[in-house]
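Close look at the chain arrangement
Here are the chains, one letter per residue:
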Amino acid sequence: MKYKLLLIAFLSIKSFSQITGSITDKNKEPLPFVNVYLKDTYKGTTTNNDGNYILNLKKTGSYTLIFQYLGYKTIKKNVTISSFPHTLNITLLEDAVTLNEVVVSSKENPANRIIRSAIADRKVNRLKTENFTADFYSRGIYRIKDAPEKILGQSLGDLGGGLDSTRSGVVYLSETISKITKSPKKFKERIIASKVSGNDNGFSFNQASSVNFNFYANLVELGESIISPIASYAFTYYNYNLINSYYEDDHLINKIKITPKRATDNAFEGFIYIVENTWEIYAVDLSISGKRIQIPQVDKLYLKQNYSYSAKDDLWSLFSQSIDFKFGMFGINIDGRFTSVYSDYNFKPTITKKTFTNEVLSFEDKANKKDTVFWNTIRPVPLTFEETKDYKLKDSIKVIRKSKKYLDSVDLKRNKFKINSLLLGYNYKNSYKDWNLNIGSPILNSMFNTVQGWHTNMDVSFYKNYKEKHQKLWINTVLDYGLSDKQFRASGKITYQFNQKTKPFLSVAGGRKIMQFNASEPISAVINAASSLFFERNYAKFYDKTFAEINYGREIINGFRFNSSLSYENRKPVFNTTDYVILNRDNVIYSSNNPLEPNNFTTSAFEKHHIYKFSLSTAIRFGQEYISLPDRKVNLWNKYPKINLGYTKGFAASDSKYNYDLIQARVFQNVTLGNKGYFDYNIKVGKFLSADEISFIDYKHFNGNQTHVNLDGDYTNSFSLLPYYDLSTSSEYAEFHTQHNFDGYLLRKIPLVNKLQFKLVLGAKALLMKENKPYTEYSVGLDNIGFGKFRFLRVDYVRSNFNGVNSDGFMFGLSF
């Protein structure tokens, strides 16, 4: 079988206008990632893991081929090709040139002299390759070894058919061919072909923009910001040592070893190769551990780049790149590689105002439908035996696995009711028709509050995906029975999304349910239940709402979305019906359900009434960049401030005094500050009109916290010590939330402390109202707390001030 697959791979690359061959060392060991290109051109390829290469040519003739591999002598080979296919095998020898053979005239560390020159010319060299068009090829592969059968009780299956009997194998393999256009501030990519093993409808995610690592910049973005070895402040982070120097034609290449000064700095280790006199990058061969980038799930990441010289443009441009990585968690260990090849550069492109739009990535029609002949003709890097086997295996089973018979058989096994369904809930799925029905856990969904006592809160949901129409349907219901108040409440919602580009939707909802006075529901059901049962602190306050509502929303133009709703609400007061606790504290009792008078157990904060409400809101995203897929649009994060505007009108109330108008605005942003971390702010303002006697329900309630626990990971949308309803207002208000996460910038530099891998976070918050003095909070916290690969915790010390009175407390939470 092995030889059959090798024969298939060999024949597939021998049928076209190509030079093919293998590259080995003197011991006949294959050399992966060897650069092979035509001299003074931007046309080339690299060898695969098996040391094989393919170089596509348009015609016969005489060529000069360059074979370049770090640590080995570069070979320049003149060949005359009279017919195709043409085979050329090469043996590379290790480079034995040492520093002793190079005359060094500088009195200082020669490596420091070279790096200082590279830093001085960094911006000039970056500008040489800031504007270009090019062809891009990328291949990505993930492998897993000894995968567990289950994770947290959930079966992993065979991960698409890639696992063998030892539960090891390829779990992801994909290729991309695209055309890219770049300017100093913009990057555009159009994918010509995309292939995912085992999925003929899939789109690969190995895009040029996601691997655009520029070492001429101060920071290299690898999920975290890593200091470039030639950053303007690189000497603060690195030590340098000149290993050797050698000539590549007329160019003197300096191989420099780089070593981080501190074990916890976000800095690379390895080698950087610098061209003498021009101080351009010739190559990088670097690595970084997950500990250094404070992503403990990552074992190690390796990054190699090779550059080629063009006499025509008189510059060194990025020719090939490979990223190797290992990471693991929950018993899953994955390693992989992404290989990229850049070719056909044009460094003098015609760029106009129309060249770049907010569409940064698009796909050519039927880009994911290219056949094997197309790929064998255009693929610049041949498949390895492992990759050929994976494509063949998954291509042979994908038809079967898409069949109704197979999908029904899988569903039959999966849909069986098990005892643990009582704990985890039950899901019934029809994979062939792409719908599922989910019934929530009757145990985990059951909650406690002092109004209903223990209550079911059972959720039942239905989802249907109409693939051909690119439309979706959701139906959700909640069945809630309180054992103490003996009331049954049911509510439901139907939502239909008409397409996946502008995402227009229509939803209809109605029923009866218990609601917190603050519609944002800042107190989760779990936290409120735990606080009540174990500490007798029933912070959540409720009212009974019977309602009907209709919502519609869509994106009007890119970066501008609106939502609207019209609703009817019948509101009734509710009262505590139970004093049940698990841990009874003698000096503490439950407060009433009246947020205005905690000790008043007979009077409500409002009178029974009904009201109609209309709301209109817009979300504005300046400079919204997006990806265009054939069937959908994916909006991306951008660096600009985001604005939300909203208007709400309460009208036709049972008593006209409850009618009101509310105008609100929000501005928020995440600002990346290079290696110094990131800064978040969230500003909200609002003003009520004609709202002198409105219901307390319609007041602006601020997201406070009296439980000292944050489980949602959002620290700029709520206050840490503010009581939930003490400062609610029906007038005008403004609230400010800011935080700066130094992302290890400061603590990495403190001996011993840096071993803990904590991240310092500073925060400040303020609330301004017409009728009250300002409320403020200041905090200092530690993020990335945990052990080993599990670091999801955060602790903050907070000090608040209101009316000259200070309060202190700690906030314990999660961080994502």
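This is a predicted model, so every value here is computed, not measured. (Residues numbered from 1 in each chain as written. Predicted model: local features only at pLDDT ≥ 70, side-chain atom pairs only at ≥ 80, totals over all residues. Heavy atoms only, no water.)

All right, on to the nonpolar core then. Membership of the largest hydrophobic core comes to 69 residues, with the highest contact counts inside it found for Tyr238, Ile256, Phe268 and Tyr282. Per-element accounting of this core gives the leading share, six residues, to strand E19 (residues 281-289). Other than its neighbours up to four places away in sequence, phenylalanine 268 contacts Phe215, Val220, Leu222, Ile226, Ile227, Pro229, Tyr238, Ile258, Pro260, Leu286, Ser287 and Ile288. Counting 19 residues, the second largest nonpolar core, distinct from the first, contains Ile19, Ile23, Val34 and Leu38. (Core = buried A, V, L, I, M, F, W, Y, C linked by side-chain atoms within 4.5 Å. Buried < 20%, exposed > 50% of the residue type's maximum accessible area, 1.4 Å probe, protein only. Helix = DSSP H or I, 4+ residues; strand = E, 2+ residues; numbered from the N terminus. Contact = heavy atoms within 4.5 Å.)

Another aspect to go through is unusual backbone geometry. With an omega of 0 degrees, the peptide bond running from phenylalanine 84 to proline 85 counts as cis. Position of proline 85 relative to the elements: it lies in the loop between strand E6 (75-81) and strand E7 (86-87). Phi angles above zero are rare outside glycine, and lysine 503 is one such case at about 50 degrees. Relative to the elements of secondary structure, lysine 503 occurs in the loop between strand E30 (488-497) and strand E31 (505-516). Relative accessible area serves as the criterion here: at 31%, lysine 503 is assigned to the partly exposed category. Here the phi dihedral of asparagine 803 falls at roughly 55 degrees; this positive angle occurs in a residue that is not glycine. Among the structural elements, asparagine 803 can be located in the loop between strand E44 (790-802) and strand E45 (805-814).

Further remarks concern empty space enclosed by the protein. Taken as a whole, this structure holds six cavities of 30 Å³ or more when the rule is applied. Around the largest cavity, the lining is made up of 19 residues, and of these Thr129, Phe132, Asn212, Asn214 and Leu318 lie nearest the centre. Put simply, the parts of the chain that give the lining of the largest cavity at least two residues each are strand E12 (169-182), strand E20 (298-310), strand E21 (315-329) and strand E22 (332-346). With three residues, the single largest contributor to the lining of the largest cavity is E21. Broken down by class, the residue content of the lining of the largest cavity amounts to 12 nonpolar, five polar and two charged. The volume enclosed by the second largest cavity comes to roughly 140 Å³. Taken together, 18 residues form the lining of the second largest cavity, with Tyr715, Ser720, Lys765, Ser779 and Arg794 sitting closest to its centre. Of all the secondary-structure elements, those providing two or more residues to the lining of the second largest cavity are strand E41 (732-741), strand E42 (759-769), strand E43 (775-787) and E44. (1 Å grid on protein atoms, 1.4 Å probe; cavity = no way out; pocket = protein on both sides within 12 Å on 5 of 7 lines; lining within 4 Å. Points joined across faces, edges and corners; volume = space filled by probe spheres on them. Nonpolar A, V, L, I, M, F, W, Y, C, P; charged D, E, K, R; others polar.)

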